[in-house]
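Coordinate analysis (summary)
Each chain, letter by letter, is given below.
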Amino acid sequence: MPLRLLSLLFCLAIFTSCTAQQDKSPQEESSPYAFKTPSPDGTGKYYMGREISYVMGHLAADWLERPEREREENVSQAIENMGIQPDERIADIGAGSGYYTFRMARKAPQGKVFAVDLQPEMLALMQQRIDREDIENVTLIRGTESSPNLDTNSVDLVTMVDVYHELSHPREMMQDIVRALRPGGRFFLLEYRMEDPTVPIKRLHKMSEEQAVREMESVGLKLRENMDNLPWQHCMVFVKE
């Protein structure tokens, strides 16, 4: 084989190999997620070492509104922890049936609560209550798996109650939430305590403070305080760095 032809074939092989690597690597390296065999109640999708759990569907709305929830979780104290001002603009991400939404709305009569949920059935439940009680300071927003669909610099306070561990795209969702927070805004994250084995919740529906801090820091949020006055949950307050 002529030396020149051999050199051309060698260069072609090198070029083809490099091109294939360039086509493949950026997508793999840019994704923050990994996939493994799912565990019970898990999706098999992992983010920063944590398996994402299945989403609680709208058929569980009755559980969200259970009478014993106030006693079990001390919801009144959780809302008091938030220090809501009368004119604040608040986003309740994964609002569900509106258990927190409407309680927060009463604390901000001159403000606004944006109740964000992915499921139209949950939004319909909240709309029924808005119509029935003529509530004027709650606005419903249908979010997506990766965005709450909030405007930039539009809210003072964002809350997420026992929802974050279910997000299928936590990195993208949190990046959009940080973008929506006004300067000085705060993000309240409530999650069942992984560190406490007596909390009667399935493991994948709990989070440790360490894991939460790791994930929030990756999008530019810093833990200001973790209030320890709730029976089952972390009450973590994050602010923009």
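What you see is a predicted model, and the numbers here were worked out from it, not measured in a lab. Throughout this description, residue numbers start from 1 for each chain and increase along the sequence as written. With pLDDT at 70 or above as the cut-off, local features in this predicted model cover only qualifying residues; side-chain atom pairs require 80 or more to be listed or tallied, and sums for whole chains, interfaces and linings still use all residues. As a rule here, side-chain values cover all heavy atoms of the structure and leave hydrogens and water aside.

1. A look at the packing of aromatic side chains
- Two rings belonging to Phe, Tyr or Trp (six-membered ring only in the last case) form a pair when the distance between their centres is within 6.5 Å. Interplanar angles under 30 degrees mark stacking, angles over 60 mark edge-to-face geometry, and anything in between is tilted. Under the counting rule described, the total for this entry stands at four aromatic pairs.
- Ring geometry for Phe187 versus Phe238: centroids 6.3 Å apart, planes at 35°, classification tilted. Separated by 51 residues along the polypeptide, Phe187 in strand E8 (residues 181-193) and Phe238 in strand E11 (residues 233-240) bring together distant segments of the chain.
- Residue classification places Phe187 among the buried positions, given a relative accessible area of 0%.
- Centroid distance Tyr192 to Trp232: 6.3 Å. Interplanar angle 55°. Geometry classified as tilted. Of this pair, Tyr192 sits in strand E8 while Trp232 is found in the loop between strand E10 (221-227) and E11, placing the two residues 40 residues apart along the sequence.
- Tyr192 sits in the buried class, given a relative accessible area of 4%.
- Our definition puts a charge over a ring when NZ of Lys or CZ of Arg is within 6 Å of the ring centre and also within 35 degrees of the ring normal. The ring of Tyr46 is capped by Lys36, whose NZ or CZ atom sits 4.7 Å from the centre of that ring.
- When the ring centre of Tyr99 is taken as reference, the NZ or CZ atom of Arg103 above it lies at 3.8 Å. Numbering of helices and strands runs from the N terminus, with a helix taken as a DSSP run of H or I at least four residues long and a strand as a DSSP run of E at least two residues long. Using a 1.4 Å probe on the protein chains alone, a residue whose accessible area is under 20% of its type maximum counts as buried, one over 50% counts as exposed, and one in between counts as partly exposed.

2. Points about the sheet that holds strand E3 (residues 50-53)
- Two strands pair if DSSP finds at least two bridges between them. The antiparallel open sheet is built from three strands, whose spatial order is E1-E2-E3. Whereas interior strands pair on both sides, the edge strands pair on one side only; in this sheet they are strand E1 (33-35) and E3. Across the sheet, the mean angle separating the axes of adjacent strands is 40° when strand polarity is ignored.
- In the sheet, strand E2 (residues 42-47) pairs with E3 via three bridges, with the strands oriented antiparallel. When the sheet's bridge partners are listed, Tyr47 is paired in E3 with Arg50. Axes, fitted as lines to C-alpha atoms, cover a helix only where it is in contact. Angles between the N-to-C directions of the axes lie from 0 to 180 degrees.

3. Section: the layout of surface pockets
- One number sums up the size of the largest pocket: a volume of about 800 Å³.
- Using only the protein atoms, space was sampled on a 1 Å grid; points where a 1.4 Å probe fits but cannot get out form cavities, open sets with protein on both sides within 12 Å along at least five of seven lines form pockets, and lining residues are those with an atom within 4 Å of a point. Val55, Met56, Asp162, Val163 and Glu166 are, among the 40 residues lining the largest pocket, the residues nearest its centre.
- Put simply, Ala, Val, Leu, Ile, Met, Phe, Trp, Tyr, Cys and Pro go in the nonpolar bin, Asp, Glu, Lys and Arg in the charged bin, and everything else, Gly too, in the polar bin. Class assignment of the residues belonging to the lining of the largest pocket gives a composition of 20 nonpolar, twelve polar and eight charged.
- Grid points are joined across faces, edges and corners, and a volume is the space filled by probe spheres set on the points. Estimated volume of the second largest pocket: approximately 180 Å³.
- Taken together, Tyr46, Gly49, Arg50, Glu51, His165, Met194, Arg203, Leu204, Lys206, Met207, Ser208 and Gln211 make up the lining of the second largest pocket.
- Only E3 and strand E9 (206-207) provide two or more residues apiece to the lining of the second largest pocket.
- For the lining of the second largest pocket, a count of residues per class yields four nonpolar, four polar and four charged.

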